[in-house]
Amino acid sequence: MSQNIGIFDDIIDFIRRIHHKPEGFIPLHEPRFIGNERVYVADAIDSTFVSSIGEYVDRFEEKVCRVTGAAYAIATVNGTSALHAALVTAGVKKDDEVITQPLTFVATANAITYGGALPVFVDVDKDTLSLSPSKLADFLKKNSKLGSDGYAYNKLTGHRLKACVPVYTFGFPGRIEDIRDICSVYNITLIEDAAESLGSTCSGRHTGTFGLAGIFSFNGNKTITAGGGGAIITDDADFAKKARHLATTGKVPHKWEYVHDVVAYNYRMPNLNAALVLAQIEKLDEFIKDKRAMASEYSKFFEKTPFKFIKEQNNTKANYWLNAILFNNREERDAFLTFSNEHQVMTRPAWQLMHRLEMFNDCCYNNLENAEWLVDRLVNIPSSVRVTL
Ligand SMILES: *Cc1c(COP(=O)(O)O)cnc(C)c1O
């Protein structure tokens, strides 16, 4: 491994150079507040509308529609609640099975289980890091049967295969069109976990708009932030109405009466957070321009190393939320993680795979060789938007 130390040094030097930080700590991803954040947040405070009703929530939702091309957007307290509310709205119930990928942030699997549904883990592709359509087709062919109601059921468990939640890992658009086609053959509802992929497109279409609904996260470490926040997008008017209702404590509009017609959630984004994230989304194009420029600099650099830089696929445009490189084996990955973090350059491995976590390890899954291959090798490197915009 010692022969790599020279290369590791070069990588650290390069990261410091492109982030204009010759010394000191470089985080993996930090937010930038270089627009109207202070003005909008102060205005929200002055208006006294700091909670879940207010003009910034409406303005932000309109802006999310404009950016994504979706007909409807519902702002929520975070991405996890957005996914939970979207699944409930789609009719996912206790003991339904929901297909997702093992390589994701734990929130995806958590949100699936909140209402008693069961995650089923299907492998990712090595090049997109996202759900593999060929593995999905294979899984369904071998493990599902068509019920007399026209829906797909898991042969082994007898449970309905109700929904599929692919994830745009680190912002990379996967093979979503193929996934959509497979889901439609099997009558499986497609809900996209686009938490990481605001600004990423596939065939010119925004991620999150291929299925019945998509969700975003505006957590502090995402491309833009509300402090905490999320959104559901959809083109379906009934779905939008139902999701909004469920996220707003199921309150039936009335001038003064408190009428609630369903057990629901307090999941709406406060106006204060909407003020912050509205200022952020106004900068989205600039942020992504810089992130893509950074990715292309990283890409050129890593061509001259024995390590592979993950790139967007043809016909897609990635936001490069978190840049990722692949080492040749786990030992090399661990050596780089140790070296870079000791040198105050923050790097992180991929998340532990979902099926290996205690609470999900008795879930249904089959061969996850690609995800297992990837986690042994993958490292995320600093990807914050540069301040010099
Ligand atoms: C961030 C994230 C979420 C959850 O979003 P929060 O706003 O943190 O609740 C869900 N899925 C993925 C893939 C994420 O990266």
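Further up the page is the structure itself.
Residues numbered from 1 in each chain as written. Predicted model: local features only at pLDDT ≥ 70, side-chain atom pairs only at ≥ 80, totals over all residues. Heavy atoms only, no water.

**Student:** Is there a simple way to explain the environment of Arg268 in this structure?
**Tutor:** One can find Arg268 in the loop between β13 (259–260) and α9 (271–281). Judged by its relative accessible area of 9%, Arg268 falls in the buried class. C-alpha of Arg268 to C-alpha of Asn380: the two residues are 112 residues apart in sequence and 31 Å apart in space. At 3.0 Å, the side chain of Arg268 forms a polar contact with the backbone oxygen of Ala75. (Helix = DSSP H or I, 4+ residues; strand = E, 2+ residues; numbered from the N terminus. Buried < 20%, exposed > 50% of the residue type's maximum accessible area, 1.4 Å probe, protein only. Polar contact = N/O pair within 3.5 Å; in protein donor to acceptor, adjacent residues only side chain to side chain.)

**Student:** Would you explain the site of the ligand in this entry?
**Tutor:** The immediate surroundings of the ligand are formed by 15 residues, with Gly79, Thr80, Glu196, Ser217 and Lys222 found nearest. Within the backbone of Gly79, one N or O atom sits 2.7 Å away from an oxygen atom of the ligand. In the model, an oxygen atom of the ligand is placed 2.7 Å from a nitrogen or oxygen of the Ser217 side chain. The protein chains hide 94% of the 380 Å² of surface that the ligand would expose on its own. Among the secondary structure elements, those contributing two or more residues to the shell around the ligand are α4 (79–89) and α5 (106–113). Tallied by class, residues from the shell around the ligand come to 4 nonpolar, 8 polar and 3 charged. (Near = heavy atom within 4 Å. Areas by Shrake-Rupley, 256 points an atom, 1.4 Å probe, with all protein chains shown as cover. Nonpolar A, V, L, I, M, F, W, Y, C, P; charged D, E, K, R; others polar.)

**Student:** Explain the packing of aromatic side chains here, please?
**Tutor:** We describe a pair of aromatic rings using the distance from one ring centre to the other and the angle between the two ring planes. Within the structure shown, the criterion is met by 19 aromatic pairs. One aromatic cluster in this structure is built from Phe14, Phe172, Tyr298, Phe301, Phe302, Phe309 and Tyr320. Between Lys126 and the ring centre of Trp373, over which it is positioned, the NZ or CZ distance is 4.2 Å. Directly above the ring of Tyr151 sits Arg160, whose terminal nitrogen or CZ lies 3.4 Å from the centroid. (Phe/Tyr/Trp six-rings, centres within 6.5 Å; stacked < 30°, edge-to-face > 60°. Lys NZ or Arg CZ within 6 Å of the ring centre and 35° of its normal.)

**Student:** Any chance you could explain helix α2 (residues 37–47) here in plain terms?
**Tutor:** Helical geometry: 3.6 residues make up each α-helical turn, so side chains three or four residues apart lie on a common side. Within the span of α2, buried status applies to Glu37, Tyr40 and Ala44. All buried residues of α2 fall inside an arc of 80 degrees around its axis, so they share one side. Relative to its buried face, α2 has exposed residues pointing more than 90 degrees away, namely Arg38, Val39 and Asp46. The inward-facing, buried residues of α2 contact α3 (55–68) and α9. Trailing α2 by a residue or two, Thr48 shows a phi angle of about 70 degrees, which is positive. (Arc of directions from axis to C-beta. Contact = heavy atoms within 4.5 Å.)

**Student:** Quick question: what am I supposed to make of the nonpolar core here?
**Tutor:** Nonpolar side chains tend toward joint burial in soluble globular proteins. Core analysis: the largest hydrophobic core is formed by 48 residues, its most contacted members being Phe60, Ile99, Leu136 and Phe218. It is α9 that provides the largest number of residues to this core, a total of 6 residues. Aside from chain neighbours lying at most four places away, what touches Phe218 is Phe60, Leu198, Ile224, Thr225, Ala226, Gly227, Gly228, Gly229, Gly230, Ala231, Met269 and Val277. Core analysis: the next-biggest nonpolar cluster, separate from the first, contains 42 residues, Leu129, Phe170, Phe302 and Leu337 among them. (Core = buried A, V, L, I, M, F, W, Y, C linked by side-chain atoms within 4.5 Å.)

**Student:** Can you help me understand a nonpolar patch on the surface in this one?
**Tutor:** Taken together, the side chains of Ile45, Val50 and Leu272 present a nonpolar region at the surface, about 220 Å² in accessible area. Along the polypeptide, Val50 turns up in the loop between α2 and α3. (Patch = residues over 30% accessible without salt bridge, like charges linked within 9 Å, V, L, I, M, F, W, Y side chains within 5 Å. Salt bridge = Lys/Arg side-chain N within 4 Å of Asp/Glu carboxyl O.)

**Student:** Where do I start with the pairing of strand β3 (residues 118–121) in this structure?
**Tutor:** Every other side chain in a regular strand lies on the same face of the sheet, so the side chains alternate between the two faces. Bridge analysis of strand β2 (residues 97–100) against β3 gives 4 bridges, and the strand direction is parallel. The residue bridging Val98 from the neighbouring strand is Pro119, located in β3. With α5 bridging β2 and its parallel neighbour β3, the resulting β-α-β unit is right-handed. Summarising the sheet, β3 and strand β18 (residues 364–365) pair through 2 bridges and their orientation is parallel. (Pairing = 2+ DSSP bridges. Right-handed = clockwise from strand over helix to strand, strands pointing away.)

**Student:** Any chance you could explain the pattern of salt bridges here in plain terms?
**Tutor:** Where charged atoms of side chains with opposite charge meet at close range, the side chains can pair. Evaluation of the coordinates by the stated rule reveals 18 salt bridges. We note a salt bridge from Asp95 to Lys94, for which the minimum N-O separation is 3.6 Å. On the accessibility criterion, Asp95 (32% relative accessible area) is partly exposed. A salt bridge links Arg356 to Glu372, with the shortest nitrogen-to-oxygen separation between them at 3.8 Å. Taken as a pair, Arg356 in the loop between β17 (348–349) and β18 and Glu372 in helix α12 (residues 369–375) lie far apart in primary sequence, 16 residues in all.

**Student:** Please clarify how the sheet that holds strand β8 (residues 201–202) should be interpreted in this entry.
**Tutor:** Strand pairing within a sheet occurs via backbone hydrogen bonds; the two strands may be parallel or antiparallel. Here 3 strands make up an open sheet; going across it, the order is β9-β8-β15 and the pairing antiparallel. Looking at which strands have only one partner, the edges of the open sheet turn out to be β9 (205–206) and β15 (316–317). Pairing of β8 with β15 involves 2 bridges; the strand directions are antiparallel. Paired with Thr201 across the bridge in β15 is Lys317.

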